[in-house]
Amino acid sequence: DHLASQCIARHGRPILRGEIDRLLLATELKAANKTVIQPDIDAEIARAADLAGYVKADGTPDSSAWLKAIMDEEGATLDLYIDDAVWPSVALKKLVEDSVSITEDDLQKGFESNFGPRAEVLAIVLKDQRTAQDVFREARSNSTEDGFGQLAAKYSVEPVSRSNFGKIPPLRKHGGRPTLEEVAFALQSGEISGVVAWGEQFAILYKQGETTPVVQDFQVVRGEIHKEIMEKKLRLAMNARLTVLHDSAQIDN
């Protein structure tokens, strides 16, 4: 009895949520006149294997090796893995797949983000605008790379730039920091930006240069980019749909 109560206390809520989700998804699938069939299950397992790096010598997903790893590492049975992880994922995809589309603009942005040039910059990150303006004037009076790095080590509140004399990882286009990216790519080598508002902080950038892309043929990687963007869009749509299902569900006691 004590073991049973501890199992419920530790695992009861997530297991119950899984059962509720399954009921909600089954109801939605029926309303949408859609079903989950075995080829869908097999394709989802292959997708998971591919994402986890389980691939054969010919580059195709190694589903058998992936399932064995799940069984060995998680201690789960095949039926439990399919019921708790694979089936809900497939069901959600079935519900949102018609609403997800990829445009040429999406593909082009994906190419620029993953394979385009990177802006190599030094950065000084500051907490308030007044201090940022003072440091900016000081940086303009000594606009050399070394001088900027010394100011970063002295004033920057961001640990990486402070400890590396302003050096931060190269910025890519469409990487999630649009304001910094736009400024970084607009600068010329050796040029210092103005004070850039970045969330609740302020940044000053020094442009060192840009990297040269290794892959320049969009068509070579088009398929891979399409797969990556589709995966991200599907996941966002799936999470949004599940939230809607939870919010709109009613409890009948």
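Refer to the structure printed above.
Keep in mind the model is a prediction, meaning the values are calculated, not measured. Residue positions are given per chain, counting from 1 as you read along its sequence in written order. Where local features are concerned, this predicted model is filtered to residues with pLDDT of at least 70; where side-chain atom pairs are given and counted, the filter is 80 or more; whole-chain, interface and lining totals use all residues. Only hydrogens and water are removed before side-chain values are computed, so all heavy atoms of the structure are retained for them.

A. Quick peek at the layout of surface pockets. Each pocket or cavity is described by its volume, and for the largest pocket that value is around 350 Å³. Using a 1 Å grid laid over the protein atoms alone, points where a 1.4 Å probe fits but cannot get out form a cavity; open sets with protein on both sides within 12 Å along at least 5 of 7 lines form a pocket; any residue with an atom within 4 Å of a point counts as lining. Looking at the largest pocket, it is lined by 17 residues, and the ones nearest its centre are Gly 18, Asp 83, Asp 84, Ala 85 and Pro 88. A run of DSSP states H or I qualifies as a helix once it reaches four residues; a run of E qualifies as a strand once it reaches two. Both are numbered from the N-terminal end. Of all the secondary structure elements, the ones that give two or more residues to the lining of the largest pocket are helix H1 (2-31), helix H4 (78-96) and helix H10 (218-248). Under the convention adopted here, Pro, Cys and the residues Ala, Val, Leu, Ile, Met, Phe, Trp and Tyr are nonpolar, Asp, Glu, Lys and Arg are charged, and Gly plus all remaining residues are polar. Tallied by class, residues from the lining of the largest pocket come to nine nonpolar, two polar and six charged. Grid points are joined across faces, edges and corners, and a volume is the space filled by probe spheres set on the points. A volume near 300 Å³ is recorded for the second largest pocket. For the second largest pocket, the lining is made up of 13 residues, of which Asp 106, Lys 109, Gly 110, Ile 229 and Lys 232 are closest to its centre. Those elements giving two or more residues to the lining of the second largest pocket turn out to be helix H5 (104-115) and H10. Examining the composition of the lining of the second largest pocket, we find that six residues originate from one element, H10, more than from any other. Here the lining of the second largest pocket is composed, by residue class, of three nonpolar, four polar and six charged.

B. Local environment of the packing of aromatic side chains. Aromatic pairing here means that ring centres of Phe, Tyr or Trp (its six-membered ring) are within 6.5 Å. Orientation follows from the plane angle: under 30 degrees is stacked, over 60 is edge-to-face, and everything else is tilted. Overall, the coordinates contain four aromatic pairs when judged by the stated rule. Each residue in the set Phe 111, Phe 115 and Phe 218 is aromatic and connected to the rest through ring pairs, giving one cluster. A ring is scored as having a charge over it whenever the NZ atom of a lysine or the CZ atom of an arginine sits within 6 Å of its centre and within 35 degrees of its normal. A cation over a ring is seen here: Arg 22 above Trp 87, with NZ or CZ 4.2 Å from the ring centre. Between Lys 173 and the ring centre of Phe 185, over which it is positioned, the NZ or CZ distance is 5.2 Å.

C. Summary view of the pattern of salt bridges. In the sections that follow, a salt bridge refers to a side-chain nitrogen of Lys or Arg positioned within 4 Å of a carboxyl oxygen of Asp or Glu. For the structure on display, the rule yields 18 salt bridges. In this structure, the salt-bridge partner of Glu 97 is Lys 34, at a minimum N-O distance of 3.9 Å. Of this pair, Glu 97 sits in the loop between H4 and H5 while Lys 34 sits in the loop between H1 and helix H2 (38-51), and the two are 63 residues apart along the sequence. The salt bridge involving Lys 227 is made with Glu 224; its shortest N-O contact spans 3.7 Å. Taken together, the positions of Lys 227 and Glu 224, both in helix H10 and three residues apart, correspond to about one turn of that helix. Between buried and exposed lies partly exposed: a residue is buried under 20% and exposed over 50% of the maximum accessible area for its type, with that area taken using a 1.4 Å probe on protein chains only. Judged by its relative accessible area of 49%, Glu 224 falls in the partly exposed class. Here the residues in one salt-bridge network are Glu 44, Arg 47, Lys 93, Glu 231 and Arg 235, joined through shared partners.

D. Structural context of the packing of H1 against H10. Put simply, H1 and H10 touch, their axes get as near as 11 Å, and they point 95 degrees apart. With respect to their mutual orientation, H1 and H10 come out roughly perpendicular. Contacts between H1 and H10 pair Arg 17, Asp 21, Leu 24, Leu 25 and Glu 28 from the former with Arg 241, Leu 242, Leu 245 and His 246 from the latter. Looking at the contact of H1 with H10, its residues break down into four nonpolar, one polar and four charged. Angles here are taken between N-to-C directions and fall from 0 to 180 degrees, while the axes themselves are lines fitted to C-alpha atoms, restricted in helices to the stretch in contact. Orientation is classified from the angle alone, with under 35 degrees giving roughly parallel, over 145 giving roughly antiparallel, 65 to 115 giving roughly perpendicular, and any other angle giving oblique. Two residues form a contact once any of their heavy atoms are found within 4.5 Å.

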